[in-house]
Amino acid sequence: MASVELKNVSKSYGSLEVIDTLNLSIADGSFTVFVGPSGCGKSTLLRMVAGLEPISKGDVIIDGRRVNDADPIQRGIAMVFQNYALYPHMTVEQNIGFSLRMAKLDKPAIAQRVAAAAATLQIEPLLKRRPAQLSGGQRQRVAIGRAIVRNPEVFLFDEPLSNLDAELRVSMRVEIAKLHNTLKSTMIYVTHDQTEAMTLADQIVVMRAGKIEQVGTPDGLYEDPQNLFVAGFIGSPRMNFLRASPSNGSVQLEAGPTLAISGAPSTQDMVVGIRPEHFVFGGDGPQLTITADVIENLGGTRYLYGTTKSGEALIVEAREQTGITSGDQVSVGLRTERALFFESSGQRLKLSAAS
Amino acid sequence: MANKNLKAAGAHSMAILASLVMVIPIYLIAVNAFKSRAQASAMSMELPTEWHFENFSTVIAQGKLWTSFFNSLLYATASTAITTLVSAMAAYVLSRARTRGRRFLYLFIIMGIALPINYFTLTSVMQFTNLNNTRLGIILLYAATQIPFTVFLIYGFIETIPKELDEAAIVDGCKPLSLFFLIILPLLTPVLATAAILNFLGVWSDFIFPLYYLNSSANWPMTLAVYNFFGQFQQDWNLVSADILLTILPVIVVYLLGQRFILSGLTSGGVKG
Amino acid sequence: MLRGPYPAYFVLPALVLYLTFFIVPSIGGIGYSFTDWNSYSTEVNFIGLDNYARIFSPKERYLTYLANTMIFAVVSIALKTVLGLGLAVLLHEGVKRFVNLYRVLIYLPVVLPTLIVALIFKSILNPATGLLNSFLRSVGLDGFALQWLVDPRIALFSIIGVDTWKGVGFITVILLAGLQTIPKEYYEAAKIDGAGAWARFRHVTIPMLMPAIVVVTVLNVLHGLRVFDIVYALTNGGPGYATEVIYTEIFKAFSQGRFGLGTAISSVLFVILAVAGYFVIRLLERKPTR
């Protein structure tokens, strides 16, 4: 087990800056998830930790040791790849044991450790098969097996579940969480799926365009995003953003109601963010009138997709409201204490609604 | 419906005709190889009136066929092994790391598909390296001249092997050599088979290099030996046919066994254009 | 920096072989082409452009050899491409069964040694006893039973015929594979648009097959310009000089020790093929469009 430290790390291809002077601490034994839209640099960052991608500037420190120039094998890392990257010409057993063979372990020792890894993942019956004879989920297990057999200091996962179907993705997610509980190793996990990030992570690193937007716990990011990007990225369905402007100690939404706030915003245009689950029907808070466009019934809950009078799209969780049909005018109440305020540039304004 | 059957029958007759045109010359050699000298002089398609199996033993003895057979086998297998291995190594690093320099190097090498050989100055090179009139010299010549096409063939195939496999192997502790020999080379098997079969057949069939660079008949491959035999026994078409048959038999066997690889390899390379 | 997983030294063995036996002689040849290098004298003198002047002089025969080579290349390519395309279409659309068998048989001559093919056809094309003329006479076409390799007017075309027999399978196989990759939907769409069989061939098959046709044609140009063994074994340039091509002349220059002149001819060919090669590379390197 080991901690991972990134100090002023940069990566550029020619003049193209992919990672820009990035700093990050990953605690020993933690489960850290890099999340962000595609092209944000999260996979590149992971590969820099792995040693697959040279570092242009800065230092990568694993377990207190600067490893910029070390080969992957010297860094004590193991990696699970997006497309599994199982060697097609080897059996499952040989795939899992390959790194041990490279480390020149003797055959009985390899066999014993492969068996142990297979037992952990319950893939003993597959050991003699080749990757082509396995299902997607089974390949994923073998790929994980190949990582755990080495007892690495740090596990790296590069979008490991993105090739699985939805159902399998959920169950593998749970298994990876269990694995972390059992092994207690440091794990770094890259995904573009905020649900995976929220469910797996101790620490989420939200990235955009080669920079870290925010680092925090899942709850921290959900409750207290520092900017519009993080607020919009974390949470599903995503947070609603409504145009607004300050007026005399309160905030006037273009869509209608006024929210009373404490503190004075220094800006003219602002954005109010409110999550779909933070509306109430029939309360006494500020009321928004919306036209229902589509009602999405998920069984357990339902979402109302509507348009405000100001023409802004809005998603409202309407768990109990069964009677609404598209075209209806609906009045919904905002839970102002959950509303978040942002400058139009995206920075969070530290305002709170006056109760 | 009748019209459709008629069309299919017509198509089959044409295809059969085309196949016959391709096969008859070989059949011609095969039947005449068993005839008496007198009957073979007409080189007709009729079956032998009496079967002269001894033609073959005559040819083997007179034409020193065993020596030339082993020469051909040596040249074809050794040069094929060398070409296939060095081309795979080169194609691999050129395909994987596409810097400007390597890109140029790749184009420079496959340019050899088009370039002619200068036999005159090549003689000087052969003499300078003490390789003229040697078996090793011929093997290296064949190996060198097959490199451009082989590199081209393998380069295209390497693109189909996901780079993630390399990375997985690196993370598993592979060094460049172990990565290539334990992971990449096994995955290249289909294209290596294609390259090896084509190179083998190419070398087996060639007689130009031996013509230029082997003056000792002890080093001659089968093609040159046949040609020489033909010069001596022009009137004995039964023996010439037997000699030809023995020379092309290995070619036909390798072709029939490996035709799957030849066709798949050629078409993947050729149609890519 | 990480030590790269793809070290450049992997290229070295191939590069050394290629440079030593391929590039060094070719480049060196250009230097020697300005000399009187020959096997009778150890002295090598610079003679400027004399060799080239001889090659391109109308008084000498070299331009004829060059012309013969060009005729050989162009006619044999045209024949092979037309026949190959016909056979490919026949196998693709005409016959539904035994396609693989036909394909294996039609490709068979491609793998046979050229020298052997030449010897076999020396017998078949024998004017008196050869199979071809026997056959023609037996079906009453006595007028077509020609002096195939003996008559200077047709000898070159007889060789082209043999080369076509040997090489047509290569084009057939590649074009057949090309045909098999054309999605059926295009033909169905064309049918719905009212295109007849010819229109479908003209407007779907040919354009879709064009890349493959271009590649095989170019490869055959290279093959055609470098023709040697089939001519050497069938006629050795005769009768007279009727079938003399560049490489048979080069071999004669080699045997007779006229090295300087030979390298000059080789260098001319080198330049022609290097230019051709440039276009080949551009073709081979073009990414597939579908």
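So, how was this worked out
Residues numbered from 1 in each chain as written. Chains lettered and ligands numbered in written order. Predicted model: local features only at pLDDT ≥ 70, side-chain atom pairs only at ≥ 80, totals over all residues. Heavy atoms only, no water. Helix = DSSP H or I, 4+ residues; strand = E, 2+ residues; numbered from the N terminus. Buried < 20%, exposed > 50% of the residue type's maximum accessible area, 1.4 Å probe, protein only. Contact = heavy atoms within 4.5 Å. Areas by Shrake-Rupley, 256 points an atom, 1.4 Å probe, with all protein chains shown as cover. Lys, Arg positive; Asp, Glu negative; His and termini not counted. Charge placed at Lys NZ, Arg CZ, Asp CG, Glu CD. Core = buried A, V, L, I, M, F, W, Y, C linked by side-chain atoms within 4.5 Å. Axes fitted to C-alpha atoms, helices over the stretch in contact; angles between N-to-C directions. Parallel < 35°, antiparallel > 145°, perpendicular 65-115°, else oblique. Left-handed = near helix turned anticlockwise from the far one by under 90°. Nonpolar A, V, L, I, M, F, W, Y, C, P; charged D, E, K, R; others polar. Phe/Tyr/Trp six-rings, centres within 6.5 Å; stacked < 30°, edge-to-face > 60°. Lys NZ or Arg CZ within 6 Å of the ring centre and 35° of its normal. Buried area = accessible area lost by both parts, 1.4 Å probe. Salt bridge = Lys/Arg side-chain N within 4 Å of Asp/Glu carboxyl O. Patch = residues over 30% accessible without salt bridge, like charges linked within 9 Å, V, L, I, M, F, W, Y side chains within 5 Å. Pairing = 2+ DSSP bridges.

Caption draft 1: Here's a closer look at the overall build of chain C. The number of helices and strands found in chain C is twelve helices and zero strands. Going from the N terminus to the C terminus, chain C shows its helices and strands as α-α-α-α-α-α-α-α-α-α-α-α. Burial analysis of chain C (290 residues in total) assigns 54% to the buried set. Taking the contacts inside chain C whose residues are at least 6 apart along the sequence as the reference set, 65% of them involve residues at least 24 apart. Carbon and sulfur atoms make up 68% of the accessible area of chain C, which amounts to about 12900 Å² in all. Of the charged side chains in chain C, 23 are positive and 15 negative, and the gap between their average positions amounts to 8 Å.

Caption draft 2: Seen up close, the overall build of chain B. The number of helices and strands found in chain B is 13 helices and zero strands. Mapped in sequence order, the helices and strands of chain B form the string α-α-α-α-α-α-α-α-α-α-α-α-α. By its C-alpha atoms, chain B is 70 × 70 × 35 Å across when sized along the principal axes. Looking at chain B as a whole, 62% of its 273 residues qualify as buried. At a minimum sequence separation of 6, the contacts of chain B that also span at least 24 residues come to 72%. Looking at chain B as shown, the accessible area adds up to about 10600 Å², and 68% of this sits on carbon and sulfur atoms.

Caption draft 3: Examining the nonpolar core more closely. One finds Y119 and L188 of chain B together with F21 of chain C to be the most contacted residues of the largest nonpolar core, which totals 232 residues. Per-element tally for this core: the top contributor is helix α7 (residues 135-158) of chain B, with 14 residues. Sequence-distant contacts of L188 of chain B, defined by excluding residues within four places in its chain, comprise A88, I154, F157, I158 and I161 of chain B. Core analysis: the next-biggest nonpolar cluster, separate from the first, contains 45 residues, V114, A117, V149 and V206 of chain A among them.

Caption draft 4: Here's a closer look at the packing of helix α4 (residues 65-96) of chain B against α7 of chain B. All names here are of chain B. The N-to-C vectors of α4 and α7 enclose an angle of 40°; their axes lie 6 Å apart at closest approach. When the axes of α4 and α7 are compared, the pair comes out oblique. Classified by chirality, the crossing of α7 by α4 is right-handed. Here the residues of the contact of α4 with α7 sort into 19 nonpolar, eight polar and two charged.

Caption draft 5: Inspection of the packing of aromatic side chains at higher detail. Counting across every chain of the model gives 55 aromatic pairs over all chains. Arranged with centres 5.8 Å apart and planes meeting at 55°, the rings of F120 of chain B and F254 of chain C form a pair that is tilted. Of the two residues, F120 of chain B is situated in helix α6 (residues 119-128) and F254 of chain C in helix α11 (residues 246-255); the pairing between them involves two chains. Residues F120 of chain B and F254 of chain C agree in their burial class; the two are buried. The ring centre of Y87 of chain A lies 4.9 Å from the NZ or CZ of R146 of chain A, which sits over that ring.

Caption draft 6: Fine view of the packing of helix α8 (residues 163-171) of chain B against helix α9 (residues 176-187) of chain B. Residues and elements named next belong to chain B. Interaxial distance between α8 and α9 falls to 10 Å at its minimum, and their mutual angle equals 155°. Comparing the axis directions of α8 and α9 gives the class roughly antiparallel. For the element pair α8 and α9, the recorded crossing hand is right-handed. Here L165, D166, A169 and I170 of α8 lie close against α9, whose contacting residues are L179, I183, I184 and L187. Its residues placed into classes, the contact of α8 with α9 shows seven nonpolar, no polar and one charged.

Caption draft 7: Here's a closer look at the interface of chain C and chain B. With 97 residues of chain C at the contact, the number on the chain B side is 97 residues. Summed over both sides, the interface of chain C with chain B buries roughly 8500 Å², with 78% coming from carbon and sulfur. The largest contributions to the chain C side of the interface with chain B come from Y6, F10 and F21 of chain C, which together make up 11% of the buried area. Inspection of the region where chain C meets chain B yields zero salt bridges. In terms of residue class, the side of chain C that touches chain B is built from 70 nonpolar, 16 polar and eleven charged.

Caption draft 8: Region of interest: α11 of chain C. Residues and elements named next belong to chain C. For α11, a buried count of nine out of ten residues is recorded, marking the element as mostly surrounded by other parts of the structure. Of all the residues in α11, the buried ones are I246, Y247, T248, E249, I250, F251, K252, A253 and F254. Positive phi shows up at G257, right after α11, with a value of about 80°.

Caption draft 9: Up close: a nonpolar patch on the surface. Together, L85, L177 and F181 of chain B together with Y9, L12 and V16 of chain C make up an exposed nonpolar region whose accessible area comes to about 530 Å². Of all the elements in the fold, those that place two or more residues in the nonpolar patch are α9 of chain B together with α1 (12-32) of chain C. In this structure Y9 of chain C comes out as partly exposed when scored by relative accessible area, which is 44%.

Caption draft 10: The arrangement of the pattern of salt bridges in detail. Tallied over the entire structure, the rule returns 24 salt bridges over all chains. Look at the salt bridges and you will find they share partners, linking K11, R47 and E53 of chain A together with E167 of chain B into a network.

Caption draft 11: Summary view of the sheet that holds strand β15 (residues 279-280) of chain A. Residues and elements named next belong to chain A. What the five strands build is an open sheet, ordered β15-β19-β16-β17-β18; its pairing is antiparallel. Unpaired on one side and paired on the other, β15 and β18 (313-317) mark the two borders of the sheet. Where strand β16 (residues 287-297) and strand β19 (residues 329-334) come together, five bridges link them in antiparallel fashion. What sits directly across from Q287, in β19, is G333.

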